[in-house]
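# Structural overview for review
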Amino acid sequence: MHLPDLKEARKRTKEKVIEKKVEYTFPNVFVGKKYFLRTYGCQMNMHDSEEIRNYLELLGFTETLVLEESDLVVLNTCAIRENAHDKVFGYLGRCKHLKREKPDLLIAVGGCMSQEESVILEIKEKHPYVDIVFGTHNISDLPRLILENKKKQEIEVYSIEGDVYEGIEYSRDSKITAWVNIMYGCDKFCTYCIVPYTRGKQRSRKLEAIVSEVEELKQKGYKEVTLLGQNVNAYGKDLTFVYDFKDLLECVAKTGMERIRFVTSHPWDFTEEMIDTIATYENIMPYIHLPLQSGSDKVLKQMGRRYTKREYLTLFQKIKERIPNVSITTDIIVGFPNETESDFLDTLDVVNTCQFDSAFTFIYSPREGTPASLIEDTIPMEEKEERLQRLNQLVNQYSLENNKRLEGKVVPVLVLGENSKDKNKIYGYTDTMKLININGSKDLIGKIVNVEITDAKSFSLDGVVAKESVGN
Ligand code: SAH
Ligand code: SF4
Ligand code: F3S
């Protein structure tokens, strides 16, 4: 197993996608045994955990949330930044301890870190107590690896991305909202990012397969789907068929699913037709996560993002103008190698212009194997931390201001559950993807209700159910 080099990986993006069916014929020989599953990454990683959970439950395992009670530990890892990596190795230390007391404990490591050669070497050399390592392209091998485990370390990771699997079954976290993969991998190769290496080339699922999954979810009573891809706007570009993300959105909207969301949008492939489609259908939610990464043209170019500050702002304005009430959030990286104060001020300038509803902000973390990691960097960490603080202050100020503007307004909310801290409250998300805690009855869980916003904070809202508001 090795990380493909950039040229090789790019060449492979031209290859044809092959569809495969997952087989479900496992003996449930682990009845009475418990598994502990920990997920570190993005929504895609969380959705993979729903696939893993289904396999484990078919094998007879039941879930425990207490590590010490488990007979099997599965860590579904993330490689996006160094701290994700450190967290996993820290946790493995705890598992090692537990295995001393419980020698039969099985430990499995999957997810994006498993796709990194250096991680595999580290596990081989320093963590012999890890029993199974599986990758992002062969999650469906996990049941076999568990069944066949001979108490010696087994590493089964494919360096070439897998095919597109159809018929995957999930043990989903929610009965109200569901994730639906529309594509796997990423072809963008932003210079700082490990994802194209850990998840492989872009492979879109066929439109019919996605639509029929959404229809099935609707029949089961789901109220919301989130279409998942690293770059949803590039959906279909790898297929020889003639449809794109706008067509997919349209077909999914026509299923009548009550709420449709999608992440993540890349400004590069975002067309005007896509904006119009989002604006046309009421069941496509007015919420767009539109990562900026940087406001400096120089840094954007070095990042390989393929848009300029001006192009980003133009797209942003078009979205704001055409989609009524839209909320837009973003991702920003500070401290890209040799980012100057003036580059950083360009980023702040975009934040001041766009006044994002919220933003995820990160300090650049060099990832082995990516082109940016080879750039010699002269900016000290203290300066990057200081920039992050300045950025966060501004971002939070706009989050609060945007939320404050909602006070007194009535907005539709899909209620997802009971508030974990206050049992008299329920929580849900507005159409614009804002978390809201509501004084209301548990009977409303799973329903879309109109809520009057009584108070607004930077990261959440408070509200009360508006009169005569209960839909279905
Ligand atoms: N596909 C999505 C993002 C996936 S990763 C997109 O292109 O927008 C989520 C976020 O992590 C990215 O948007 C980026 O802001 C951040 N990120 C990715 N690689 C990083 C790195 N090496 N260091 C710091 N942040 C990173
Ligand atoms: Fe990474 Fe860029 Fe692909 Fe997003 S678009 S996953 S940041 S390479
Ligand atoms: Fe992390 Fe992999 Fe997602 S690196 S962010 S889990 S695609």
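Residues numbered from 1 in each chain as written. Chains lettered and ligands numbered in written order. Predicted model: local features only at pLDDT ≥ 70, side-chain atom pairs only at ≥ 80, totals over all residues. Heavy atoms only, no water.

## So, the site of ligand 2
- Taken together, Cys 186, Lys 188, Phe 189, Cys 190, Tyr 192, Cys 193, Val 195, Pro 196, Gln 230, Asn 231, His 266 and Arg 305 make up all the residues around ligand 2.
- When grouped by side-chain class, the residues that make up the shell around ligand 2 number 7 nonpolar, 3 polar and 2 charged. (Near = heavy atom within 4 Å. Nonpolar A, V, L, I, M, F, W, Y, C, P; charged D, E, K, R; others polar.)

## A few points about unusual backbone geometry
- Put simply, Val 263 and Thr 264 share a cis peptide bond, and its omega is -5°.
- Note on placement: Thr 264 falls in the loop between β13 (259-263) and α9 (272-280).
- A positive phi angle is found at Phe 189, which is not glycine, with a value near 50°.
- Mapped onto the secondary structure, Phe 189 falls in the loop between β10 (183-184) and α6 (195-199).
- We classify Phe 189 as buried; its relative accessible area is 6%. (Helix = DSSP H or I, 4+ residues; strand = E, 2+ residues; numbered from the N terminus. Buried < 20%, exposed > 50% of the residue type's maximum accessible area, 1.4 Å probe, protein only.)

## Topic: the domain arrangement of the protein chain
- Its domain assignment divides the protein chain into domain 1 (23-156), domain 2 (165-404) and domain 3 (410-469).
- One C-alpha centre belongs to domain 1, the other to domain 3; they are set 36 Å apart. (Domains from an automatic or database assignment.)

## A short note on the site of ligand 1
- Around ligand 1 sit 15 residues, and of these Gln 230, Pro 291, Gln 293, Asp 331 and Ser 365 come closest.
- With respect to ligand 1, the side chain of Gln 293 contributes an N or O atom lying 2.7 Å from an oxygen atom.
- The side chain of Asp 331 places a nitrogen or oxygen atom 2.6 Å from an oxygen atom of ligand 1.
- Compared with its free state, where it exposes 540 Å², ligand 1 has 90% of that area covered by protein.
- When contributions to the shell around ligand 1 are tallied by element, the ones reaching two or more residues are β15 (327-334) and β16 (358-363). (Polar contact = N/O pair within 3.5 Å; in protein donor to acceptor, adjacent residues only side chain to side chain. Areas by Shrake-Rupley, 256 points an atom, 1.4 Å probe, with all protein chains shown as cover.)

## Notes on the nonpolar core
- One finds Leu 227, Tyr 235, Phe 245 and Ile 319 to be the most contacted residues of the largest nonpolar core, which totals 59 residues.
- Ignoring any residue separated from it by four or fewer positions in sequence, one finds Ile 319 in contact with Phe 270, Ile 275, Ile 288, Leu 290, Val 326 and Ile 328.
- Counting residues in each nonpolar core, the second largest holds 27 residues, with Leu 75, Cys 78, Tyr 129 and Val 133 among its members. (Core = buried A, V, L, I, M, F, W, Y, C linked by side-chain atoms within 4.5 Å. Contact = heavy atoms within 4.5 Å.)

## With respect to the pattern of salt bridges
- Taken as a whole, this structure holds 38 salt bridges when the rule is applied.
- The closest approach of N and O atoms between Glu 213 and Arg 172, which form a salt bridge, is 2.9 Å. One end of the pair, Glu 213, is in helix α7 (residues 207-219); the other, Arg 172, is in the loop between β8 (164-166) and β9 (177-181), and 41 residues separate them in sequence.
- Each member of the salt-bridge network shares a partner with another, and the members are Glu 339, Glu 341, Glu 383, Glu 386, Arg 387 and Arg 390. (Salt bridge = Lys/Arg side-chain N within 4 Å of Asp/Glu carboxyl O.)

## Some details on the sheet that holds strand β14 (residues 287-289)
- Sheet architecture is open: 3 strands sit in the order β14-β15-β16, paired in parallel fashion. Every interior strand has two partners, whereas the edge strands, β14 and β16, have only one. Within the sheet, the average angular offset between the axes of one strand and its neighbour, ignoring direction, is 10°.
- Here 6 bridges tie β15 to β16, and the two strands are oriented parallel to one another. Bridge assignment links Val 334 to a residue of β16, and that residue is Ile 363. (Pairing = 2+ DSSP bridges. Axes fitted to C-alpha atoms, helices over the stretch in contact; angles between N-to-C directions.)

## Let's talk about the pairing of β9
- For β9, the buried fraction is high: 5 of the 5 residues fall into the buried class.
- By the alternation rule, side chains of β9 split into Thr 177, Trp 179 and Asn 181 and Ala 178 and Val 180, which are all buried.
- Alignment of β9 against strand β12 (residues 224-228), held across 5 bridges, turns out to be parallel. Its bridge partner lying in β12, Thr 177 is registered against Glu 224.

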